[in-house]
Number of protein chains: 2
Amino acid sequence: MRPTVHDIAAAAGVSLATVDRVLNKRAGVRKVTRDRVEQAIERIGYVRDVAAANLAKSRIYPFVFILPSGDNSFMRGLEAEVHAAMARGPLERMVISIVKVPAFDAEALVAALDEVRATAPAGVAVVAVESPEVIAAVNRLRADRIPVVTLVSDLAGSARDHFAGVDNVAAGRTAASLLGRFLGGRPGPIAVLAGSMLVRDHRERLDGFRAVMDEDFPGHTLLPVIEGQDDPVLTEKLVSEALAASPGTVGIYSLGAGNRGLIAALKQRKDAPPVCVIAHELTRHTRAALNEGLIDAVLNQDAGHEVRSAVRVLKAKADGAAVIGAQERIYIDIFLKDNLPFDEG
Amino acid sequence: MRPTVHDIAAAAGVSLATVDRVLNKRAGVRKVTRDRVEQAIERIGYVRDVAAANLAKSRIYPFVFILPSGDNSFMRGLEAEVHAAMARGPLERMVISIVKVPAFDAEALVAALDEVRATAPAGVAVVAVESPEVIAAVNRLRADRIPVVTLVSDLAGSARDHFAGVDNVAAGRTAASLLGRFLGGRPGPIAVLAGSMLVRDHRERLDGFRAVMDEDFPGHTLLPVIEGQDDPVLTEKLVSEALAASPGTVGIYSLGAGNRGLIAALKQRKDAPPVCVIAHELTRHTRAALNEGLIDAVLNQDAGHEVRSAVRVLKAKADGAAVIGAQERIYIDIFLKDNLPFDEG
DNA sequence: AATTTTCTGATTTACGTACCTCAAATTTTC
DNA sequence: GAAAATTTGAGGTACGTAAATCAGAAAATT
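Bear in mind the structure is a predicted one, so any value in this text is a computation, not a measurement.

How each quantity is defined
Residues numbered from 1 in each chain as written. Chains lettered and ligands numbered in written order. Predicted model: local features only at pLDDT ≥ 70, side-chain atom pairs only at ≥ 80, totals over all residues. Heavy atoms only, no water. Helix = DSSP H or I, 4+ residues; strand = E, 2+ residues; numbered from the N terminus. Buried < 20%, exposed > 50% of the residue type's maximum accessible area, 1.4 Å probe, protein only. Contact = heavy atoms within 4.5 Å. Near = heavy atom within 4 Å. Polar contact = N/O pair within 3.5 Å; in protein donor to acceptor, adjacent residues only side chain to side chain. Nonpolar A, V, L, I, M, F, W, Y, C, P; charged D, E, K, R; others polar. Salt bridge = Lys/Arg side-chain N within 4 Å of Asp/Glu carboxyl O. Least-squares fit on C-alpha atoms with pLDDT ≥ 70 in both. Buried area = accessible area lost by both parts, 1.4 Å probe. pLDDT = per-residue confidence, 0-100. Core = buried A, V, L, I, M, F, W, Y, C linked by side-chain atoms within 4.5 Å. Pairing = 2+ DSSP bridges. Axes fitted to C-alpha atoms, helices over the stretch in contact; angles between N-to-C directions. Parallel < 35°, antiparallel > 145°, perpendicular 65-115°, else oblique. Left-handed = near helix turned anticlockwise from the far one by under 90°. UniProt positions renumbered as here; feature names shortened; annotations may be inferred.

Q: Would you take a moment to explain the overall build of chain A for this structure?
A: A tally of helices and strands in chain A yields 14 helices and 11 strands. Along the three orthogonal principal directions, the C-alpha set of chain A runs to about 85 × 40 × 35 Å. Looking at chain A as a whole, 52% of its 345 residues are labelled buried. Considering only residue pairs separated by 6 or more positions, chain A has 68% of its internal contacts joining residues 24 or more positions apart.

Laid out in structure tokens, this is it:
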């Protein structure tokens, strides 16, 4: 049988009350006694029964997810995953709530963070927008000992506890590598389509992409980055114009959302010479385009994994427990039409 | 506050004992009363507090992992992950043990399964070898209501509860798609290297690979499959011979283990024309080969994910709880030298 | 040495569920 | 309608930990 607090008391020759004081870092224990108890804990290999502890505390964990609003497919999927986590929450004594803020709006995000802070949650997950004010707001949360996890887009220079998202530089590098090899030496310029350079994930993808293109495939020139603001209509227009302006374009890297616009633009030029396309995020639209051959590969971050990881990490941090590093690393999924997972609605 | 058993009792107008009888499916409750209680449960939205229930039961979960012995890197990594899970086990009242059986040996596996069955564990995870006897042995476990999860290699036709592994047909298809596109029309035969056709995962990968090659890249002929038995020495010899016999070979698909032998063979022919190589399983050796450019892409199944998934599913099945489908789907990771994760020893 | 302060022990209650016993009420059977 | 069988109620103990109280012991201060 696993050792219990009683066993610690017996092993250390102290009372249960003292063990409790040590375990829960309560005051009123001399250093020598505390050491004796800690040695006993070590010696008999005690590990606190978290379930029993939480039961006794009748503790609940209020977690808040701060997500961008807007109608981008990926973010909608992310929100659905948070809702799924909400539904499972009670099983683990967690209560998850969602706060929405306009996309790419640092000021609104800061306001939301401060508002959330006032409710003293057990943890916060946030899709970050990069700005010094946001960093400061996150640091205020941390100063209140509230665990913070950045989700999808990281916040460098902040005191966030963890980033639940993919390595976006690697994603960009991978996109370049795939695109370069799929082109197999066919010369011509390459277009890059982004949402906004205000979010770190997009910038990092571009950096990674540029690095590998320059290094391994110097024959291709990169056209100026198209910023579509993750807006399908704007994107379609800009892409069509760009392709018309550079008719020899052989490849496109779409590193943000707004793929609906890209796909629409591609469909309009059916008879033109083929263009190799690498896009991000597997949605209904990119999946269809992949199957039709309009898109050659999709790099995806699994929103479900990210949300579940964020929840696990928040819980662990709130409990002061350890996180399993390897479990919380989110890999970039590469989908070709040959390894698409079955759709589940 | 969450409703408790007391609330059910009050809502249904029965005693706590009756609620308990209904909840734990004990005999001695009239149908009408049972219905009343179940309706009350539904109405007030009661969910059993699993932590408290397990505490009360002081239940522990003895799980057994049956793994192949031998010195194949992937299986060693898998075993290490099981050990990691063992170490974390006590936190969730799980006791995990490992049973090793010779690789590719159906008879030994059946013996092991029956021996394990005699110990009445709360769940069994097994790397399956396909044979009717193994299926029967697994079904005996299931007949004893012991949850069974197949790990890495599935067992079609058996009553196993779940398969914790990747879609190997998709893996083979993906390999073909990548290889075909990386070759970019360069003609020539393609060699396939397998471990043994006795395990389902290898056969499925080959099937998927063949299908896409035939369909999308009919220009390439497939050389006869080399069966290296996951043995580095044998593999090196066979691969060298095959390459010497077909000097025009442009691609190699290594769908099993034994990559050390393959890499050794590739190194020996440094000056020969380049061969595009797709291999399976990211190990120290394949990682190095990827970085050196000897291998072009590695398809990987994350052993850590598989083990953790198997554990979660076994626990859920033992508890009679639901599993989160999307969480338990194991994706194939595609690694190029550009998206290699940091090594952690 | 007396007093104050700090530390420690003993004991109790609570968390939500499981499981047991025994008696009482109800239903079924003849 | 009585006896038998079944169903229900009431109450308790247990699981391992948290948190509290209060008394007593030890240490520090005067």
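Still to come is the rest of the account.
Q: Whenever I open this one, the protein's contact with DNA strand D confuses me. Can you help?
A: Residues in contact with DNA strand D amount to 26 residues; listed here are only the nearest, Tyr46(A), Arg48(A), Thr18(B), Arg30(B) and Thr33(B). Near-protein atoms of DNA strand D (within 4 Å) split between backbone and bases, with sugar and phosphate holding 71%. A distance of 3.2 Å separates a phosphate oxygen of DNA strand D from a polar side-chain atom of Arg26(A). Here a base oxygen of DNA strand D and a side-chain polar atom of Arg21(B) are 3.0 Å apart. Those elements that provide at least two residues to the surface near DNA strand D are α1 (5-12) and α4 (50-57) of chain A together with α2 (16-23) and α4 (50-57) of chain B. If one sorts the elements of the surface near DNA strand D by residue count, α4(A) sits on top with 4 residues. Counted by class, the surface near DNA strand D contains 10 nonpolar, 8 polar and 8 charged residues.

Q: Looking at this model, I keep getting lost on the pattern of salt bridges. Mind explaining?
A: Side-chain pairing between opposite charges can occur once the charged atoms of the two side chains come close. All names here are of chain A. For the structure on display, the rule yields 40 salt bridges over all chains. Between Glu81 and Arg308 there is a salt bridge whose closest N-O contact spans 3.9 Å. Here Glu81 is found in helix α5 (residues 73-88), whereas its partner Arg308 is found in helix α13 (residues 303-319), with 227 residues between them in sequence. Look at Glu81 and you get partly exposed, because its relative accessible area is 24%. Where salt bridges share partners, they join Asp114, Arg117, Arg140 and Asp144 into one cluster.

Q: Sorry, what's going on with the relation of the copies chain B and chain A here?
A: The relation between the two chain copies is a rotation about an axis coupled with a shift along that axis. Here chain B sits on chain A after a turn of 180° about the axis and a move of 0.0 Å along it, with an RMSD of 0.1 Å. Both copies of the chain, as the preceding transformation shows, are related through a two-fold rotation axis. Comparing contact sets, 100% of the residues at the interface of chain B also lie at the interface in chain A, consistent with an isologous, same-surface contact.

Q: Sorry if this is basic, but what is going on with the interface of chain B and chain A here?
A: A common way to report how large an interface is uses the accessible area buried once the components associate. At the junction of the two partners, chain B supplies 41 residues and chain A supplies 41 residues. With both chains or domains summed, chain B and chain A bury close to 3900 Å², and 53% of this area falls on carbon and sulfur atoms. On the chain B side of the contact with chain A, Arg181(B), Tyr331(B) and Asp338(B) bury the most area, a combined 17% of that side's loss. For the interface between chain B and chain A, the tally reads 8 salt bridges. Across the pair Lys337(B) and Asp216(A) runs a salt bridge, and its minimum N-O distance is 3.2 Å. Put simply, chain B and chain A have 14 residue pairs in polar contact (both at pLDDT 80 or more) between them. Of all the secondary structure elements, the ones that give two or more residues to the side of chain B that touches chain A are α4, α8 (168-183), α9 (200-216), α13 (303-319), α14 (325-328) and β11 (333-335) of chain B. In terms of residue count, the dominant contributor to the side of chain B that touches chain A is α8(B) (7 residues). Residue composition of the side of chain B that touches chain A, by class: 19 nonpolar, 5 polar and 17 charged.

Q: Which parts of the structure should I look at to understand the confidence of the model for chain A?
A: Any residue range with low pLDDT should be treated as having predicted coordinates unsuitable for detailed reading. Looking at chain A, pLDDT values average 88 and 99% of them are 70 or higher. For chain A, the element scoring lowest by mean pLDDT is helix α14 (residues 325-328) of chain A, at 81; strand β4 (residues 148-151) of chain A scores highest, at 96.

Q: What is the right way to read the nonpolar core from this model?
A: Note on soluble globular proteins: their nonpolar side chains tend to be buried together. In terms of nonpolar packing, the biggest core is built from 56 residues, with Leu178(A), Phe209(A), Leu178(B), Phe182(B), Phe209(B) and Ile278(B) touching the most fellow members. Residues contacting Phe209(A), with those up to four places away along its chain left out, are Gly172(A), Arg173(A), Ala175(A), Ala176(A), Leu179(A), Ile190(A), Val192(A), Leu222(A) and Tyr253(A).

Q: Which parts of the structure should I look at to understand the environment of Val124(B)?
A: Residues and elements named next belong to chain B. One can find Val124 in strand β3 (residues 123-126). You can call Val124 buried: its relative accessible area is 0%. Beyond its immediate stretch of four places on either side in the chain, Val124 contacts Val64, Ile66, Val116, Leu141, Ile146, Pro147, Val148, Val149 and Leu314.

Q: Would you explain the sheet that holds β11(B) in this entry?
A: Adjacent strands of a sheet form backbone hydrogen bonds with each other and so pair up, either parallel or antiparallel. All names here are of chain B. The strand order β7-β6-β8-β9-β10-β11 describes an open sheet built from 6 strands, whose pairing is mixed. Two strands in the sheet have a free side with no partner beyond their single neighbour: β7 (226-227) and β11. Lying over the sheet, α8 contacts β6 (190-194), β8 (251-254), β9 (276-280), β10 (297-300) and β11, oriented at roughly 160° with respect to β9. Lying over the sheet, α9 contacts β6, β8 and β9, oriented at roughly 170° with respect to β6.

Q: Honestly, the side chain of Lys315(A) in this entry has me stumped. Any pointers?
A: All names here are of chain A. Inspection of the secondary structure assignment puts Lys315 in helix α13. Owing to a relative accessible area of 16%, Lys315 belongs among the buried residues under this scheme. Beyond its immediate sequence surroundings of up to four residues, Lys315 is in contact with Tyr61, Phe63, Glu92 and Met94.

Q: How do you make sense of the side chain of Ser177(B) when you look at a structure like this?
A: Within the fold, Ser177(B) resides in helix α8. Residue contacts for Ser177(B): discarding those within four places in its chain leaves Leu336(A), Asp338(A), Val212(B) and Phe217(B).

Q: Is there a simple way to explain the protein's contact with DNA strand C in this structure?
A: In the region of DNA strand C, 26 residues are neighbours, and Thr18(A), Arg30(A), Thr33(A), Tyr46(B) and Arg48(B) sit closest. Considering DNA strand C, the proportion of its atoms within 4 Å of the protein that are sugar or phosphate atoms stands at 70%. At 2.9 Å from a base oxygen of DNA strand C is found a side-chain nitrogen or oxygen belonging to Arg21(A). The side chain of Asn24(B) places a nitrogen or oxygen atom 3.3 Å from a phosphate oxygen of DNA strand C. Those elements giving two or more residues to the surface near DNA strand C turn out to be α2 (16-23) and α4 of chain A together with α1 (5-12) and α4 of chain B. Looking at which element gives the most residues to the surface near DNA strand C, the answer is α4(B), with 4 residues. In terms of residue class, the surface near DNA strand C is built from 10 nonpolar, 8 polar and 8 charged.

Q: What exactly am I supposed to notice about the packing of α5(A) against α13(A) here?
A: If you want to describe how two helices pack, look at the angle between their axes and the distance between the axes. Residue and element names in this part refer to chain A. Here α5 crosses α13 at 45°, and the two axes come no closer than 9 Å. Classified by the angle their axes make, α5 and α13 are oblique. The two elements α5 and α13 cross, and the hand of that crossing is right-handed. The residues of α13 that touch α5, namely those facing Phe74, Leu78, Glu81, Val82, Ala85 and Arg88, are Ala303, Gly304, Glu306, Val307, Arg308 and Val311.

Q: Explain the UniProt feature "domain: HTH lacI-type" (unreviewed entry) in chain A here, please?
A: Sequence positions flagged by UniProt for "domain: HTH lacI-type" (unreviewed entry) are, in local numbering, residues 3-57 of chain A. The span residues 3-57 of chain A is 69% helix and 0% strand, and its two end C-alpha atoms sit 20 Å from each other.

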